[in-house]
Amino acid sequence: MKAFAELLDRLSWTGGRNAKLRLIADYLKTTPDPGRGYALAILTGDLDLGDARPGLIRKLIAERTDPTLFALSYDYVGDLSETVALLWPAPHTRANADLSLGDVVERLRETGRAMLPGVIAECLDRLDETGRWAFLKIITGALRIGVSARLAKTAAGMIGDKAADEIEEVWHALAPPYRDLFDWIEGRIDAIATKDAIAFRPPMLAHPLEREDLAALDPADFAVEWKWDGVRAQIVSDGRGGAALYSRTGENMSRAFPDLAQGLCVGHAALDGEVLVVRAGAILPFSALQQRLNRKTPGVKLMADLPGHFRAYDILSLDGEDLRALPLSARRARLEEFARTIAAPCFSLSPLTDARTHAQIAAARMNPAAFGAGADGPAVEGLMLKRWDSPYLPGRPRGLWWKWKRDPFEVDAVLMYAQRGHGKRSSFYSDYTFGVWRAGALVPVGKAYSGFTDEELARIDRFVRANTTNRFGPVREVRHEPERGLVFEVAFEGLNRSARNKSGLAMRFPRIARIRWDKHPKDADRIETLERMLDPA
Amino acid sequence: MFRRPRERAAPRATNSDMNADASAQILTLTEAGLYCPAGGFHIDPLRPVDRAVVTHGHADHARPGHRAVLATGETLDIMVARYGETCFGTGQALAYGAPLKVGDTTVTLHPAGHILGSAQVAIAYRGARAVVSGDYKTRPDPTCAAYEPVACDVFVSEATFGLPVFRHPPPQQEIGKLLRSLAQFPERTHLVGAYPLGKAQRVIRLLRDAGYDAPIFLHGAMGTLTQLYERHGVALGDLRPLEAADKSVAARGGVVVCPPSATTDRWSRRFVDPVVAFASGWMRVRARARQRGVELPLVISDHVDWTELTAAVEATGCRQLWVTHGQEDALVHWAQQARGLAARPLRLLGYAEDGEPEGAA
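Side note on the domain arrangement of chain B
All names here are of chain B. Looking at chain B, the domain boundaries give domain 1 (16-165 + 303-345) and domain 2 (171-298). With centres defined by C-alpha atoms, the gap from domain 1 to domain 2 works out at 30 Å. The interface of domain 1 with domain 2 comprises 18 residues on the first partner and 17 residues on the second. Both sides together, the interface formed by domain 1 and domain 2 hides about 1500 Å², and carbon and sulfur atoms give 71% of it. Arginine 202 is paired through a salt bridge with aspartate 141; the nearest N and O atoms lie 3.7 Å apart. On the surface where domain 1 and domain 2 come into contact, there are 4 residue pairs in polar contact (both at pLDDT 80 or more). Residues of the side of domain 1 that touches domain 2, tallied by class, amount to 8 nonpolar, 4 polar and 6 charged.

Here it is in structure tokens:
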């Protein structure tokens, strides 16, 4: 447990992808079974031990500490798990402190709800500060260390010479603590026997299309599909009543969308599609889906208000037959045939567009409703162009699939605050809060930390340092007066109402499109411009 | 100047509650900080005074401009190194344990274990004794004399880490984290933020004791005080100023010790993808470490943690506990509730939260 706790601790501080991979791979390489397998399962989210409620943790610490000292400590630290990890009174002897991760996992899995508090307390007694912090993160299900299932699998492959996609292909046949996986990666066995089960298939991804690329394409070679403003996902059912919903990166989302996982356990297929929220036949704005995504396990009321929906656009296997080598034209026919057999209200087939020519394709992107999207038009965020002859290949192969997103929204906003970045950017002011005018004053409307080159970053950094009007820890207030300040052209994908921000607005994926050194803050946009861009809700 | 104190009126006391007590003649609180009426001197005064006893060389305790300063020889050296020869009128060195008559009192200095030369000030007067501990730590530190508990009636303590969430791990364990990271990321320079007085030398010494004998590169602000430590017999191994070194050597891994602020300063841009470490007791709290943009927090402190703090208070056998600065509420609560001591917070605002403006903790 000590080594795994140290790994989680290091990962929580490490930003770089390569550094994270090395930390995980080194851990897996040097840790014996079954501990490393349980560790991998915790990182990939395949081992859910997160049943402990904050109330239980609070009760345990209350039994052990002076209430005033606890209150002062919690107030200072600000996070319950961390406070408890630091404050937990350590027994004077830690003779049996070598609690292994395997012990922890097996104890927690065997323990019923009634005995859980005692087992948690005993584990906390036997761990040090970092160990307790990691343990509490695991049992409260709040890991938040910036490691995706995909990244963890990539790291596991690195201890041999297996690619993440190879691991994905066999992952469904495995269970923690994955002894056979490590045997295979480390070359002790040649292959893993896979049975047809609820397996995630690594998805095929598209390249962005620029307007000038379009002319070089022959529209007759392409299926032109809608690009939905939802979340890419894969639903896999085993024909025996089991199904799972996976994210694009292979995270199992079934618990967050039980309405989909249960509603679509029909048939025996693996489908590629989009998760949306559809109520009374209408696709709700992305903000509604965001509310579902924010909840690890949704309540009945939330699911009734915001029902999950799966819109399918590809089929990867059917009745145990792998269809991925077939051309899209053949897969589409099989998908349409399959879709006719599914009557679930949480399922639909993603229609093809009516666009057939270059001009129609360009027009459909601007006006989806006129090219077959109808009332779903506002939920379209662009087009997908997929070669009819393309097999389904994992990764992002060139020249087969294209995505052509609608133009982002843009506003001119004024830099108001700048914060130092992290990692390589820790000496640069690289995170920017910007605002627009409301009743003669600037009001912050968003934050962005991308969209500029290193040279531009260096120039903005110099500007921030030379125009600082106030400092708050790592944040600097930057001069923002009508005649003096810096204007950004900010691009974003959508706009929602939000009670969290002073402006009442929240942008989706804002980034700096251009730096307008030529403009004065007084030329920036007003809040009314943004309010006209609000998603219909 | 300390040998022949002149007769002078005691400064106005701001706390009348202590006046009834006999110990008020030993110690009272004035606008310039702690004052000993019976001896006619201040301790770590916050503004220039005639006569100051200085516990240690950190900037918030050792301020320039006093007419006469009494301190350990090391502390006087540090003050001169930082502020120049004219930073006080006269300096008088007092060895640990040697008694000195000052006014009607007898003053002795005792090792505080905080940094080189750090001392607790014990003041004896008519059978009563007060100890002003300054900043202190009780665990061993090879770069300074070991803390010595001193029995007293009134104990004046800091409470920088005066919350039970602060329990510092063994520093060797933290150095182990640094060494493992160096092995794991040998191509990345490890930029270790450490306060230039005390922490930097301790981190270097800990690295040497753990068997790290490669050259350690120093930021320009580190040189003077590090040399001073070496002159006082603290061996620190192969140290090289970064400026004079071949930058490509430093950019290919290894350890660079710099002031904490330098890790987020433009100075740090010369390193390609460094691992930024920070050695401080504050690294125990994640939000504090995150604010610093640290990738490798090292919980190494030159102050007592909660367990050591409460044990140190108990070991003095004091009846009264005065808390100068830090997280005083929790310590005062503990002293009153758990130990039945007369405890009060002084809330001396002049002492920086971090012991120094730049994270000496």
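Still more to cover.
A look at the confidence of the model for chain B
Per-residue confidence for chain B averages 89 on the pLDDT scale, and 88% of its residues sit at or above 70. Contacts for the low-pLDDT stretch residues 4-20 of chain B, under 50 throughout, to residues beyond four places or in other chains number 28 contacts.

Focus: the packing of aromatic side chains
For the coordinates displayed, the defined rule picks out 18 aromatic pairs over all chains. Centre to centre, the rings of B:Trp267 and B:Phe271 are 5.3 Å apart; their planes meet at 65 degrees, and the pair counts as edge-to-face. Relative accessible area serves as the criterion here: at 10%, B:Trp267 is assigned to the buried category. Taking relative accessible area as the criterion, B:Phe271 reaches 6% and is therefore assigned buried. Directly above the ring of A:Trp228 sits A:Arg311, whose terminal nitrogen or CZ lies 4.7 Å from the centroid. Cation over ring: A:Arg459 sits above A:Trp517, and NZ or CZ is 3.8 Å from the ring centre.

Quick notes on the packing of helix α5 (residues 67-77) of chain A against helix α6 (residues 80-87) of chain A
Residues and elements named next belong to chain A. Axis separation between α5 and α6 bottoms out at 9 Å; the angle between their running directions is 125 degrees. Of the possible angle classes, the one that applies to α5 and α6 is oblique. For the crossing formed where α5 meets α6, the hand is right-handed. Of α6, the residues touching α5 (which contributes Phe70, Ser73, Tyr74 and Val77) are Leu80, Glu82, Thr83, Leu86 and Leu87. Considered class by class, the residues forming the contact of α5 with α6 number 6 nonpolar, 2 polar and 1 charged.

Some remarks on the nonpolar core
One broad rule of soluble globular proteins: the nonpolar side chains tend to lie buried together. Within the largest apolar cluster, 109 residues are counted, with the highest numbers of intra-cluster contacts made by A:Phe4, A:Phe135 and A:Leu181. If sequence neighbours within four positions are ignored, A:Phe4 has contacts with A:Tyr27, A:Ala39, A:Ile42, A:Leu43, A:Leu101 and A:Ile138. With 33 residues, the next largest nonpolar core counts B:Leu182, B:Leu197, B:Val203 and B:Val257 among its residues.

Each value, and the rule that gives it
- Residues numbered from 1 in each chain as written.
- Chains lettered and ligands numbered in written order.
- Predicted model: local features only at pLDDT ≥ 70, side-chain atom pairs only at ≥ 80, totals over all residues.
- Heavy atoms only, no water.
- Domains from an automatic or database assignment.
- Contact = heavy atoms within 4.5 Å.
- Buried area = accessible area lost by both parts, 1.4 Å probe.
- Salt bridge = Lys/Arg side-chain N within 4 Å of Asp/Glu carboxyl O.
- Polar contact = N/O pair within 3.5 Å; in protein donor to acceptor, adjacent residues only side chain to side chain.
- Nonpolar A, V, L, I, M, F, W, Y, C, P; charged D, E, K, R; others polar.
- pLDDT = per-residue confidence, 0-100.
- Phe/Tyr/Trp six-rings, centres within 6.5 Å; stacked < 30°, edge-to-face > 60°.
- Buried < 20%, exposed > 50% of the residue type's maximum accessible area, 1.4 Å probe, protein only.
- Lys NZ or Arg CZ within 6 Å of the ring centre and 35° of its normal.
- Axes fitted to C-alpha atoms, helices over the stretch in contact; angles between N-to-C directions.
- Helix = DSSP H or I, 4+ residues; strand = E, 2+ residues; numbered from the N terminus.
- Parallel < 35°, antiparallel > 145°, perpendicular 65-115°, else oblique.
- Left-handed = near helix turned anticlockwise from the far one by under 90°.
- Core = buried A, V, L, I, M, F, W, Y, C linked by side-chain atoms within 4.5 Å.

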